[in-house]
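Listed below are the residues making up each chain.
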Amino acid sequence: MATVRKLVVEVVEAQNLLPKDGTGTSSPYARADFDGQRRKTRTVPRDLNPAWNEPLEFNFPGPGSGGVDPVAGEPLEVAVFHDVRVGPSRRNNFLGRVRLDARQFVRKGEEALIYFPLEKKNFLSWVRGDIGLKVYYLDEPLAPPEPEPPAADPPAADAEAAKDVPAPADPPPVQTEEPSPPAEVPAAEAAQGAPQDGDEASTETPPEAGTAAPSPATEDAPVMSSEAVPAADGAASERPPEEEAPAPPPIPTPMPRQVPVPPRAAPPPPDVPMERSKHDLVDKMPYLFVRVVRARGLPARALPHVRVAAGGSHASTREARRGAFFEWDQTFAFARDPSIDSPGPTLEVSVWDLPPDTDVSVADDRSFLGGLCFDTADVHARDPPDGPLATQWYRLEGGRRLAGADLMVATWAGTQADEAFAEAWKADSPVATSSSAAAASRAKVYVSPKLWLLRLTVIEAQDTLTVAPPRDAGIAVRGTLGFQTLKTRTTVVNRNGGPAWNEDLVFVAAEPFIDDDCFVISLEVRHGKEAFPVGSASISLAAIERRVDDRKVASKWLDLLPSDEAMRKVGKRAAMHMHGGRLHVRVCLDGGYHVADEPPYTSSDFRPSARQLWRPPVGVLELGIVGCKGLLPMRTAEGKGCTDAYAVAKYGPKWARTRTISDSFDPAWNEQYTWPVYDPCTVLTVGVFDDPLPSLLPDGGKDGACSRPMGKVRIRLSTLENGRVYRGMYPLILMLPTGAKRMGDVELAVRFATSGTALDVLHMYGQPSLPAMHHLQPIPAMSRETLRLAAARISAAHLARAEPPLRREVSTWMLDAAEPRGFSMRKLRANWNRAVAALSWVADAARWAEDTRSWRNPTATMMAHAVLVLLAWHPDLVVPTLMLHVAAVGVWKYRRRPRSPAPHPCVRASMAETPDREELDEEFDTIPSARPPEVVRARMVGARLQAMVGDVATQAERLQALVSWRDPRATGMFVVLCVVVAMVLYMVPVVAGFYYLRHPMFRDRMPAPVINFFRRLPSMSERTM
């Protein structure tokens, strides 16, 4: 059914507007413009905090379904004006405006109330306040066109039309009335009238095609008006109704049929275009493609299959689908190397009346139905920009049982950039016994689910207990969402009133939210170690309100019903007379947080859950996975070691999986993938896995059929120069219970290209990495790791349900959620050495001061005395001198800047070269541990010490990265900033002190740009194992 897409803008309210009427108030109304359409709200008289709660609808310029997505390109502008008819003012009636990009439009059901700060129209404008909007789009079914009326006699139609035309001497009373001028309209009546701009026309938009014209009574509706945007600013407005002369009567003519104007196509999306990869980062791999479509003229009772042979390699199709033809529609790709005449001079295609797995070398000639032979030198070469090659019918030759049979085949020469390569059969793919097993070994792209934080605020409870509980009994509230269960603190039952908690419980939820997904809240009485559930209530996730800021959502009272466990304990009849009481809660889905499923130092995305808060992308990341060299055998098959390797790349919510290459220690994939980049200070993760043969079977879910990791590589994007291609070998190091082991090398090609100007990328360094909600209402530190592991588990379960699935053990290992992160003496020593190495410049400075004091270098000592005397005479030069010295150090180290990304992981930095057996034992200890309780307690204390030393090392390495040029953009900005600060402090030495001591009312709760810049600097955290 045809649909039409509409944009709905719910103008909710505005806050703290600027007074315009000269008496300290304003009479505001909102006006929205989208794609040449204009809508207005009603006027709220004399209110600086107006509440409209009006939905304004717009039509999209493009089609609602199919083709180009209309949610692209067209911006939305919402402006607030003061109605001069209610409170006349000689000043400008502009109160502010908001411009929203098309990327901030979401589908109905995902909308949330967002308060946008009002912006100026020009530099001299003075505005203040915020406006709350809900912006979303929906698809409405398009009404079928009305059938054309039957053709009537034209003279009769003209006569009837002449009767309906009023006489010119008796015009309608609506047009003869003279409305009072705007200045004389009372305030109460003017507040309900349609607001008008003094400087713009107020022409009503003509009705759309297929709808009837509004009657005079409906034209005076004061709630919402529709205007057409003026063509130019200086266009003359229409004359008032009192100045309009009555129009002459029209000539009675038949009403023409309205023809709807086709909508114009939507402009291209403003995002970075995600074009098909050109494979310019990897080596081109020539292939010979053979597509077998269908056959005709074969015997009706035959069970044919097609066998394709080229250069010693052969493949067979599946059994044909019977219909008007025998259908296969399969593509085969054979590796082609013209230098050695591979895959041979001829390509043979034969049809056999045998099952596909039969050995045709010993088959009877009567089963041969015919064949074709192609010269590989004459095969047409095709490039990806060209269209697909057309298939042709070929007459089968050599068959003894029939004559006149044809086979539809297409052959061409291409590369791995061909769109048919992904689904084609390849000679280096594992042997599959079914179509699902064959699909599991192909290259695929996956997307993680969008994760939200569900916040439950438990306030109080009433009427929970009908009888007095034991003296030492307590009451608590438990929330359950899937496998996640959290409980509030146990409160002693108050006999004078209901228990109160005022405690937050935070869960992780994944889209899509359906009515069957419920959040269960239960109330339980705890006496000792036993817990008795009193009652429970469930809330559908689809009905929970969403928010994107720190405003408080409306609370609600829930009636608690007897739970199933209570019915089992006291009986169903007794439970029916139980009353669980009422629970006062506040539930919402927080879309202003970033739900992390990766460790913070290796995160690849910091965007919040709500799409309305996403920033535009700043660049494009291109990754070419070339191949591996020197992989170790992972298992034994038929008396020899073998490895079926494939690679997985993860950046943001997008996962890319290469195809599986069987029985090769030097696999070559040469696949290229592209990601949009929203933050340059993020990390790309690439892992290599072994896909054993049992995983290709339908029952490959056993423990022995799991994909085993072989190592992973992490690359920080901020260490890459713009537009430069980095291609090299990266070691694959895997930490095993016996120590660190090198499993081989992987060859990668990476390129990060910015889509905007350099200032746009540099501006990101002054912005906080995490969304604003992490600073306005931070998540407790004790809950962050728990939420991260829950998010990783949800993402892994979602990817495992894909078809073909991305195995759960693969995604959890890539997210560092497969192994417990406990105490390890090796990690503690590694963090300590990192901190010592990062702070080595302090020891060097102390050693230099001692050498200067001992006069080992008399010249340097005399110069130090001169500088000391100069600074004593001019103490205002101390800070500028230090800034210039730091800038000089940064310039000096430019020659030794790193030329390529640092390899990950670093065995020496991880202290994994010679690990102790006891250290590995405590690192790979299972949960729950089999060690004594005192050892477990000591490890818990050691884990906190390990985290603290790691944080100190990270901050010290970031301080060292200011002048190390590991991040070329950050170091360049810091050197320039040091020079500028030195010059400013030399001229105005006390400005920094006054700025630091400013009053708290002039400070912001968000972190300062200097702190944001420092937190984005790279460290060695992502290089340790």
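All figures in this text were calculated on a predicted structure; none of them were measured in a lab.

Calculation rules
Residues numbered from 1 in each chain as written. Predicted model: local features only at pLDDT ≥ 70, side-chain atom pairs only at ≥ 80, totals over all residues. Heavy atoms only, no water. Helix = DSSP H or I, 4+ residues; strand = E, 2+ residues; numbered from the N terminus. Buried < 20%, exposed > 50% of the residue type's maximum accessible area, 1.4 Å probe, protein only. Contact = heavy atoms within 4.5 Å. Areas by Shrake-Rupley, 256 points an atom, 1.4 Å probe, with all protein chains shown as cover. Phe/Tyr/Trp six-rings, centres within 6.5 Å; stacked < 30°, edge-to-face > 60°. Lys NZ or Arg CZ within 6 Å of the ring centre and 35° of its normal. Salt bridge = Lys/Arg side-chain N within 4 Å of Asp/Glu carboxyl O. Expected span 1.5 Å × (residues − 1). Pairing = 2+ DSSP bridges. Axes fitted to C-alpha atoms, helices over the stretch in contact; angles between N-to-C directions. Patch = residues over 30% accessible without salt bridge, like charges linked within 9 Å, V, L, I, M, F, W, Y side chains within 5 Å. Arc of directions from axis to C-beta. Parallel < 35°, antiparallel > 145°, perpendicular 65-115°, else oblique. Left-handed = near helix turned anticlockwise from the far one by under 90°. Nonpolar A, V, L, I, M, F, W, Y, C, P; charged D, E, K, R; others polar. Polar contact = N/O pair within 3.5 Å; in protein donor to acceptor, adjacent residues only side chain to side chain. pLDDT = per-residue confidence, 0-100.

## Digging into the overall build of the protein
Inference 1: Looking only at helices and strands, the protein has 20 helices and 41 strands in total.
Inference 2: Burial statistics for the protein: of 1025 residues in total, 43% are counted as buried.
Inference 3: Taking all contacts inside the protein whose residues are at least 6 apart in sequence as the whole, residues at least 24 apart take part in 74%.
Inference 4: Put simply, the protein shows about 54700 Å² of open surface, and 58% of that area lies on carbon and sulfur atoms.

## As for the environment of A554
Inference 1: Looking at the secondary structure, you find A554 in the loop between β29 (546-547) and β30 (556-559).
Inference 2: Judged by relative accessible area, A554 falls into the exposed class, the value being 57%.
Inference 3: Linking A554 and V587, residues 33 residues apart in sequence, is a C-alpha distance of 8.4 Å.

## What to know about the side chain of S718
Inference 1: With respect to the helices, strands and loops of the structure, S718 is situated in the loop between β39 (708-716) and β40 (725-736).
Inference 2: Apart from residues no more than four positions distant in its own chain, S718 is found in contact with P680, C681, Y765, D967, P968 and R969.

## Things to note about the packing of aromatic side chains
Inference 1: Counting across every chain of the model gives 22 aromatic pairs.
Inference 2: When the centroid spacing of 5.9 Å and the interplanar angle of 25° are considered together, the rings of Y646 and F689 count as stacked. Here Y646 is found in strand β35 (residues 645-651), whereas its partner F689 is found in strand β38 (residues 683-690), with 43 residues between them in sequence.
Inference 3: You can call Y646 buried: its relative accessible area is 2%.
Inference 4: Judged by centre distance (6.4 Å) and plane angle (45°), the rings of Y673 and W675 are tilted.
Inference 5: For W675, a relative accessible area of 1% puts it in the buried group.
Inference 6: Above the ring of W614, the side-chain terminus of R607 is found at 4.2 Å from the ring centroid.
Inference 7: Sitting above the plane of the W813 ring, K712 keeps its charged end 4.4 Å from the centroid.

## Overview of the pattern of salt bridges
Inference 1: The full count for this structure, using the stated rule, is 49 salt bridges.
Inference 2: Residue E747 pairs with R727 through a salt bridge whose shortest N-O separation is 2.9 Å. One end of the pair, E747, is in strand β41 (residues 739-754); the other, R727, is in strand β40, and 20 residues separate them in sequence.
Inference 3: Measuring nitrogen to oxygen at the nearest pair gives 2.9 Å for the salt bridge that ties E957 to R834. Of this pair, E957 sits in helix α17 (residues 933-960) while R834 sits in helix α12 (residues 825-838); the two residues are 123 residues apart in sequence, bridging distant segments of the chain.
Inference 4: A residue is classified by how much of its surface remains accessible, and E957, at 7% relative accessible area, is buried.

## A closer look at helix α10 (residues 781-800)
Inference 1: An ideal rise of 1.5 Å per residue puts 28 Å on 20 residues; α10 measures up with 30 Å between its terminal C-alpha atoms.
Inference 2: Structurally, α10 contributes buried residues whose contacts are with β21 (444-447), β22 (451-462), β24 (484-487), β26 (500-510), β36 (654-657) and α11 (808-814).

## Quick notes on the sheet that holds β40
Strand pairing in a sheet relies on backbone hydrogen bonds, with the paired strands running either antiparallel or parallel.
Inference 1: Reading across the sheet, the four strands line up as β37-β32-β41-β40 and stay open at both edges, with antiparallel pairing between neighbours. The open sheet has two edge strands, β37 (668-677) and β40, and neither has a second partner. Here the average twist between neighbouring strands, direction ignored, is 30°.

## What about the sheet that holds strand β16 (residues 346-352)?
Inference 1: Taken in spatial order, the four strands of this open sheet run β13-β12-β16-β17, and their pairing is antiparallel. For this open sheet the edge positions go to β13 (313-316) and β17 (368-375), each flanked by a neighbour on one side alone. Averaged over all neighbouring strand pairs, the angle between strand axes comes to 15°, with direction disregarded.
Inference 2: Examined bridge by bridge, strand β12 (residues 305-310) and β16 share five bridges and lie antiparallel to one another. Considered in β16, the bridge of H305 is made with W352.

## Quick notes on the pairing of strand β11 (residues 287-296)
Inference 1: With seven of 10 residues buried, β11 is to be regarded as a mostly interior element.
Inference 2: Pairing geometry for β11 and strand β15 (residues 326-335), over eight bridges, is antiparallel. Bridge pairing in β15 links F289 to A333.

## Points about a nonpolar patch on the surface
Inference 1: A cluster of nonpolar side chains, contributed by L884, V976, V979, V980, M983, V984, Y986, M987 and V988, occupies part of the molecular surface with about 830 Å² of accessible area.
Inference 2: Top element by residues in the nonpolar patch is helix α18 (residues 968-987). It accounts for seven residues.
Inference 3: Along the polypeptide, V984 turns up in helix α18.
Inference 4: On the accessibility criterion, V984 (38% relative accessible area) is partly exposed.

## Overview of helix α15 (residues 878-892)
Inference 1: With 15 residues, α15 should cover 21 Å at 1.5 Å per step; its first-to-last C-alpha distance of 21 Å lies within 8% of that length.
Inference 2: Every buried residue of α15 is listed here: P880, A887 and G890. Within α15, the buried residues cover an arc of 85° as seen down the axis, which keeps them to one side. With respect to the buried face of α15, the exposed residues turned more than 90 degrees away are L882, H885 and W892.
Inference 3: Looking at the packing, one finds that the buried side of α15 touches α18.

## A closer look at the packing of α12 against α17
Inference 1: α17 packs onto α12 with a crossing angle of 30° between their chain directions and a minimal axis gap of 8 Å. Viewed along their axes, α12 and α17 adopt a mutual orientation that is roughly parallel. Crossing angle aside, the handedness with which α12 passes α17 is left-handed. Contacts between α12 and α17 involve K827, L828, N831, W832, R834, A835, A837 and A838 from the first element and L945, Q946, V949, G950, A953, T954, A956, E957 and Q960 from the second.
Inference 2: Here the residues of the contact of α12 with α17 are counted per class, giving nine nonpolar, five polar and three charged.

## Notes on the side chain of Q416
Inference 1: Relative to the assigned elements, Q416 resides in the loop between β19 (406-414) and β20 (425-426).
Inference 2: Residue Q416 is classed as buried on the basis of its relative accessible area of 5%.
Inference 3: Separated by 2.8 Å, the side chain of Q416 and the backbone oxygen of D283 make a polar contact.

## As for the environment of D329
Inference 1: Positionally, D329 belongs in strand β15.
Inference 2: Taking the C-alpha atoms as reference, D329 lies 4.0 Å from V293; in sequence the two are 36 residues apart.
Inference 3: In contact with D329, not counting residues within four places along its chain, are R291, V292, V293, R318 and R321.

## Description of unusual backbone geometry
Inference 1: Of the consecutive residues E511 and P512, the connecting peptide bond is found in the cis state with omega at 0°.
Inference 2: Here P512 lies in the loop between β26 and β27 (518-527).
Inference 3: With an omega of 0°, the peptide bond between E803 and P804 qualifies as cis.
Inference 4: For P804, the position within the fold is in the loop between α10 and α11.
Inference 5: Positive phi outside glycine occurs at D816, with the angle close to 60°.

## Quick word on the packing of α15 against α18
A pair of packed helices can be characterised by two numbers: the angle between their axes and the separation between those axes.
Inference 1: In the contact formed by α15 and α18, the axes pass within 8 Å of each other and the chain directions differ by 160°. One element, α15, and the other, α18, form an angle in the roughly antiparallel class. As for how α15 packs across α18, the hand of that crossing is left-handed. In this structure, α15 contributes V879, P880, M883, L884, V886, A887, G890 and V891 to the contact, and α18 contributes F974, V975, C978, V979, V981, A982, L985 and Y986.
Inference 2: In terms of residue class, the contact of α15 with α18 is built from 15 nonpolar, one polar and no charged.

## Quick look at the confidence of the model for the protein
Inference 1: Mean pLDDT for the protein: 79, with 78% of residues reaching 70 or above.
Inference 2: Segment residues 64-68 is flagged for pLDDT under 50; beyond a separation of four residues in sequence, or across chains, it makes seven contacts in the model.
Inference 3: Of the regions scoring below 50 in pLDDT, residues 695-704 engages in 15 contacts with residues more than four places distant in sequence or in other chains.

## Topic: the environment of A381
Inference 1: Here A381 is to be found in the loop between β17 and β18 (392-395).
Inference 2: The class of A381 is exposed, set by a relative accessible area of 52%.
Inference 3: Residues A381 and W412, 31 residues apart in the sequence, show an inter-C-alpha distance of 5.7 Å.

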